[in-house]
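Read off the chains here:
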Amino acid sequence: MKRYQSQIHRCFRCGYCKFPTDYSAYNCPAYSRFRFDTYSTGGRLWLIYAWLKGEVPWSEHLAEILYTCTTCKNCVEQCPMKFAPEIVDWIIEARSDMVEQGKIPARVKRFLESVYNYGNPLKKTAAERLPWTKGLKKYKEGTQYLLFLGCLASYEEATREMVENCVKALDEAGVSYGTLGDDETCCGNEVYAMGEMELSKQLAEKNISKFKELGVKSVITLCPHGYNIMKNQYQNMGYPFEVLHYSQVLAKHADEIARKVEGEVKGKKVTYHDPCYLGRHNKLYETPRKAIAAHNGFELVEMPRNRRDAFCCGGGSGNFINDYLAGSKDSPARIRVREAAETGAGILAVACPGCLIMLKEAVKTENLEDRLQVMDLATVIAKSK
Amino acid sequence: MIDIYNELTSIVDKDFVSNKPEELYIYGRDPGLMPAHEPEYVVMPSTVEEVQAIVRLANREKIAIVPKGGGLSLTGLVIPQKGGILLDMKKMDRIIEINEKGSYALIEGGTTHGALKSHLLKNYPHLRHSIPDSPPIATVVANAVIHGQGRLTQQRGFNSDMVCGLEVVLPTGEVCKIGTSAVSDYWFSKGAPLPDLSSLFFGWCGTTGIITKMAVKLYPCKKLRDVMLFLTDRAELVPDIMLKLGRTEMIEDLVVTAQPIPLRYAGNYYILFYITGDSEEELEYKRKYCWHTLWEYFEKRDGGFVSLVPEMKAPLLSMPSKDTTRFADVSKGGGFEYSGPIAPIEKYAVYVKKLEELAVKYNLYYSSAARMIDGGHSMMFSFSYTFNRADAQTMKRAKQALDEAAEYALDNGGVMWKPNLDEQKITIRKMDPNTLELMTRIKKLLDPNGIMNPGNWEVL
């Protein structure tokens, strides 16, 4: 019996999971989007329990309710009960039961099949890696860091500046790095969150085997999702190595890459959006802020919901592709860019390729392009030149 | 045959109408012990016009409507006993106006206590409302509808007493203003100097209309707050201690707790009371005054103050208190319910004895919180028992204990607060027949088709 099956009845459905610490808004992305209690964490846990008891049969709708959870962990932060740290694990375990029974919604099925067949959720072959990633140095033994790009940075054009500027910052920092090139495969974080444990394990083993073969000691990830699974799961698979998110490297080498702001971001206010897998999942709140605060010439302003209370962009748990939360003015990414614009910031800084894609799109939909630019941390720094 | 679903989606955005089993399941039950019964549709209106259109449809088709806020009464008051349309009001959540000089907030029917608290703290930190200890998703309207209590109840009465105006969609679909807003642009009184019609909507469990707007009174929010704890092992002294403290007119809130674990709690009654001030000097004066007020009990060795370190004070001072919710999982079962009579405070000792007796009889974990109301005119005494959702036997035993507690309370001067259907039946049985007849006439007059939350307050 999986642990969630013996524990899930303990949710009282009190609703604290819907809020941030100050109750100023709804902070569960799926609940904010759909507003039926079924889409809150409490509703979801009660439905899972009902499904286990046979009181609610499986349906596409039930499964979609489960997969609209972005695993952002706002509920974990806010739930007053002792079992709070386990809540998202319970949802993932319930998804894994659905996966084992072959009862998953169509979009999730497509995502997982694509990862299984192509090694990424975008149905791209290694040959289709974006040109600017192909030109990057390959990792070889003795290189200081393996730069793990992740699927979005390898195949989504919207991340171009992020990749290019990150590489530039690493060069300026004077660190040596290399990529796996065509040998890089999906990190497995989203696959795990979607409940496909076996596939996630296979992906991890494949990547670890490559790390071993090349003697990798330290990995820099562009994506907080990759950072998360490498830090919290790969480490327990018999090949310990250092994992850093690129924001940590930017912060560590701020002096080397420091510059006075003279470029297009000069004088602008910057607000930073905490990615869930860097923030709530791994408690890295200050490091990314330090990475940009080290550069004089722009002002860092906070959105009302920040750090442990940050509002998820809606892209977690594969939703940057499956996009179950899209299609409304209440879609989380759209709410988030409106919140960012209200701070008066001209730049919304992010540290995750998923957030970058989701929020860039939302800025267009909300017609905020004249007021707000979405950039990753490395790009903010680069454009300050 | 008319397709109600399609009719509803012609009124409300289809994203906010559901007849799917998952929504019907969740909206057909609450965290308490009353049996589930599912609606046929769940709808989330955004405007008063949408509410009106839904009510007219329900009248035409003779189908039930149940308006719902946070759904946290625990006594099944929004379980749709006759199916029909469940109206989740939480999309109507605008804070329309804070009238600073008039000291009231005008809000929509689905505004949560959490949202109002947060709004005031951010924009009007010198003002506050009476926030209950239910979780922040509880709506201000639904809490007032059940005569809820909050952190200002000791000073100001029930939360329904702090209402100063309503906008209601009547069961026949008309929109009606209640209070001064019926004749003025201001919402400063729910009744006086006019006939007070507001009581047609409080305590009726949503059977007389749907409140779409409400004005609630705001009170000064002092800069400093502190909590004091007096402990006694003699339950019979508790009412006098409560009264003495209340009559100082210096305390904000007073709650007496009783629970068996941790072991040091067993057999003791914890009298928690709160004081406020705009300066440390004011606070210190109140501390000393309260200390002197209870000195006689200390001298007789009947009780004493407990020193609270900051770590202990923080959760007690938080509003709402998450500790109230945590009680649901003390036995790792995810459930608790309480029977909550409003009663004379002189009944404290006999109630607490019954609470403990029933816990032994039904082998349950218990807790009680007794809040003083309006300076001591009454108290809300909770007979609270936990249960395990995965164990039907504990659920059955908890329900039996609660039923017995309700019978006992009603036989001993209490009147049930937010009564479940079983408690409503007992209340009706004991009620003055002319009062019952008046209630029945009013209900029929307002709701000729009996569509509003049917099953509640019905003469069986």
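Only a predicted model underlies this, so the values are computations on that prediction, with no experimental measurement involved.

Novice: Before we go on, may I ask you to explain the overall build of chain A in this structure?
Specialist: Along chain A, the regular secondary structure elements total 20 helices and 8 strands. Rg of the C-alpha trace for chain A: 20 Å, near the compact-globule value of 21 Å for 385 residues, within the 12% margin. Seen through its C-alpha atoms, chain A measures out along the principal axes to roughly 60 × 50 × 35 Å. Here chain A holds 385 residues, and the buried ones make up 67% of them. If you take every contact in chain A between residues at least 6 apart in sequence, the share linking residues at least 24 apart comes to 79%. Working note: accessible area of chain A is about 13700 Å², and carbon and sulfur atoms make up 47% of it.

Novice: Quick question: what am I supposed to make of the domain arrangement of chain A here?
Specialist: Interface size, as often reported, equals the accessible area lost upon joining of the parts. Residues and elements named next belong to chain A. When its domains are assigned, chain A resolves into domain 1 (3–104), domain 2 (116–252) and domain 3 (260–382). Distance between the C-alpha centres of domain 1 and domain 2: 30 Å. The interface of domain 1 with domain 2 comprises 6 residues on the first partner and 6 residues on the second. Roughly 490 Å² is buried in total at the junction of domain 1 and domain 2, and carbon and sulfur atoms are behind 69% of that figure. When the area that domain 1 buries against domain 2 is broken down by residue, the three leading residues are Ile92, Ser96 and Val99, summing to 64%. Taken together, the links from domain 1 to domain 2 amount to 2 residue pairs in polar contact (both at pLDDT 80 or more). Looking at which element gives the most residues to the side of domain 1 that touches domain 2, the answer is helix 6 (residues 87–100), with 4 residues. Split by residue class, the side of domain 1 that touches domain 2 holds 3 nonpolar, 2 polar and 1 charged.

Novice: What should I look at first to understand the side chain of aspartate 330 of chain A in this one?
Specialist: The residue aspartate 330 of chain A is located in the loop between helix 17 (319–322) and helix 18 (332–342) in this model. Residue classification places aspartate 330 of chain A among the buried positions, given a relative accessible area of 12%. Leave out the neighbours within four places in its chain, and aspartate 330 of chain A touches Ser32, Arg33, Ile335 and Arg338 of chain A together with Lys91 of chain B.

Novice: It is not clear to me how the packing of aromatic side chains should be interpreted in this structure. Could you clarify?
Specialist: Aromatic ring pairs: the centre-centre distance and the angle between the two ring planes describe each pair. All names here are of chain B. Applying the stated criterion across every chain, the model contains 31 aromatic pairs over all chains. Ring geometry for tyrosine 351 versus phenylalanine 383: centroids 5.6 Å apart, planes at 45°, classification tilted. Residue tyrosine 351 is found in helix 12 (residues 348–361), and its partner phenylalanine 383 is found in strand 20 (residues 383–388); the two are separated by 32 residues along the sequence. In this structure, tyrosine 351 and phenylalanine 383 share a single accessibility class: buried. Ring pairing ties together the aromatic residues Phe230, Phe273, Trp291, Trp295, Tyr297, Phe298 and Phe305, which thus form one cluster. Its guanidinium or amino end placed over the ring of phenylalanine 298, arginine 301 lies 5.7 Å from that ring's centre, counting from NZ or CZ. For lysine 418, the ring lying beneath its charged end belongs to tryptophan 417, and the centroid distance is 4.7 Å.

Novice: Please explain the interface of chain A and chain B as it appears in this structure.
Specialist: On the chain B side, the residues contacting the 40 residues of chain A number 45 residues. In total, about 3600 Å² of surface goes out of reach between chain A and chain B, with carbon and sulfur atoms giving 61% of it. The largest contributions to the chain A side of the interface with chain B come from Phe12, Tyr23 and Phe36 of chain A, which together make up 21% of the buried area. Scanning the region where chain A abuts chain B turns up 5 salt bridges. The partner of aspartate 93 of chain B in a salt bridge is arginine 35 of chain A, and the shortest N-O contact between them spans 3.3 Å. The interface formed by chain A and chain B holds 17 residue pairs in polar contact (both at pLDDT 80 or more) in total. Residue assignment for the side of chain A that touches chain B shows that the elements contributing at least two residues are helix 2 (29–34), helix 3 (41–53) and helix 4 (60–67) of chain A. Broken down by element, the side of chain A that touches chain B gets its largest block of residues, 6 residues, from helix 3 of chain A. Classifying every residue of the side of chain A that touches chain B gives 22 nonpolar, 8 polar and 10 charged.

Novice: How do you make sense of the packing of helix 13 (residues 392–411) of chain B against helix 14 (residues 421–430) of chain B when you look at a structure like this?
Specialist: Packed helices, taken two at a time, are described by the angle between their axes plus the distance between the axes. Residue and element names in this part refer to chain B. Packing of helix 13 against helix 14 leaves a shortest axis separation of 10 Å and a crossing angle of 20°. Regarding the angle of helix 13 to helix 14, the classification is roughly parallel. Seen along the crossing, helix 13 lies across helix 14 with a hand that is right-handed. Between helix 13 and helix 14, the contacting residues are Lys399, Asp403, Ala406, Glu407, Leu410 and Asp411 on the first element and Asp422, Glu423, Ile426, Thr427, Arg429 and Lys430 on the second. Here the contact of helix 13 with helix 14 is composed, by residue class, of 3 nonpolar, 1 polar and 8 charged.

Novice: I'm lost on the sheet that holds strand 8 (residues 373–376) of chain A in this one. Help?
Specialist: Each strand in a sheet pairs with its neighbour through backbone hydrogen bonds, running either in the same direction (parallel) or in the opposite one (antiparallel). Residues and elements named next belong to chain A. Overall, parallel pairing links the 4 strands, which are arranged 6-5-7-8 in an open sheet. With partners counted over all chains shown, the strands left at the sheet margins are strand 6 (299–301) and strand 8, one partner each. Averaged over neighbouring strand pairs, the angle between their axes works out to 35° when direction is ignored. Examined bridge by bridge, strand 7 (residues 347–350) and strand 8 share 4 bridges and lie parallel to one another. Across the sheet, leucine 348 pairs through a bridge with valine 374, a residue of strand 8.

Novice: Help me understand the pattern of salt bridges, please; the structure alone is not making it clear to me.
Specialist: Two side chains with opposite charge may pair up if their charged atoms get near one another. All names here are of chain B. Applying the stated criterion across every chain, the model contains 65 salt bridges over all chains. The residue aspartate 226 makes a salt bridge to lysine 313 at a minimum N-O spacing of 2.9 Å. Residue aspartate 226 is located in strand 12 (residues 224–232), and its partner lysine 313 is located in helix 10 (residues 310–317); the two are separated by 87 residues in the primary sequence. Residue aspartate 226 is classed as buried on the basis of its relative accessible area of 6%.

Cut-offs applied
- Residues numbered from 1 in each chain as written.
- Chains lettered and ligands numbered in written order.
- Predicted model: local features only at pLDDT ≥ 70, side-chain atom pairs only at ≥ 80, totals over all residues.
- Heavy atoms only, no water.
- Helix = DSSP H or I, 4+ residues; strand = E, 2+ residues; numbered from the N terminus.
- Rg over C-alpha atoms; globule rule 2.2 N^0.38 Å.
- Buried < 20%, exposed > 50% of the residue type's maximum accessible area, 1.4 Å probe, protein only.
- Contact = heavy atoms within 4.5 Å.
- Areas by Shrake-Rupley, 256 points an atom, 1.4 Å probe, with all protein chains shown as cover.
- Domains from an automatic or database assignment.
- Buried area = accessible area lost by both parts, 1.4 Å probe.
- Polar contact = N/O pair within 3.5 Å; in protein donor to acceptor, adjacent residues only side chain to side chain.
- Nonpolar A, V, L, I, M, F, W, Y, C, P; charged D, E, K, R; others polar.
- Phe/Tyr/Trp six-rings, centres within 6.5 Å; stacked < 30°, edge-to-face > 60°.
- Lys NZ or Arg CZ within 6 Å of the ring centre and 35° of its normal.
- Salt bridge = Lys/Arg side-chain N within 4 Å of Asp/Glu carboxyl O.
- Axes fitted to C-alpha atoms, helices over the stretch in contact; angles between N-to-C directions.
- Parallel < 35°, antiparallel > 145°, perpendicular 65-115°, else oblique.
- Left-handed = near helix turned anticlockwise from the far one by under 90°.
- Pairing = 2+ DSSP bridges.

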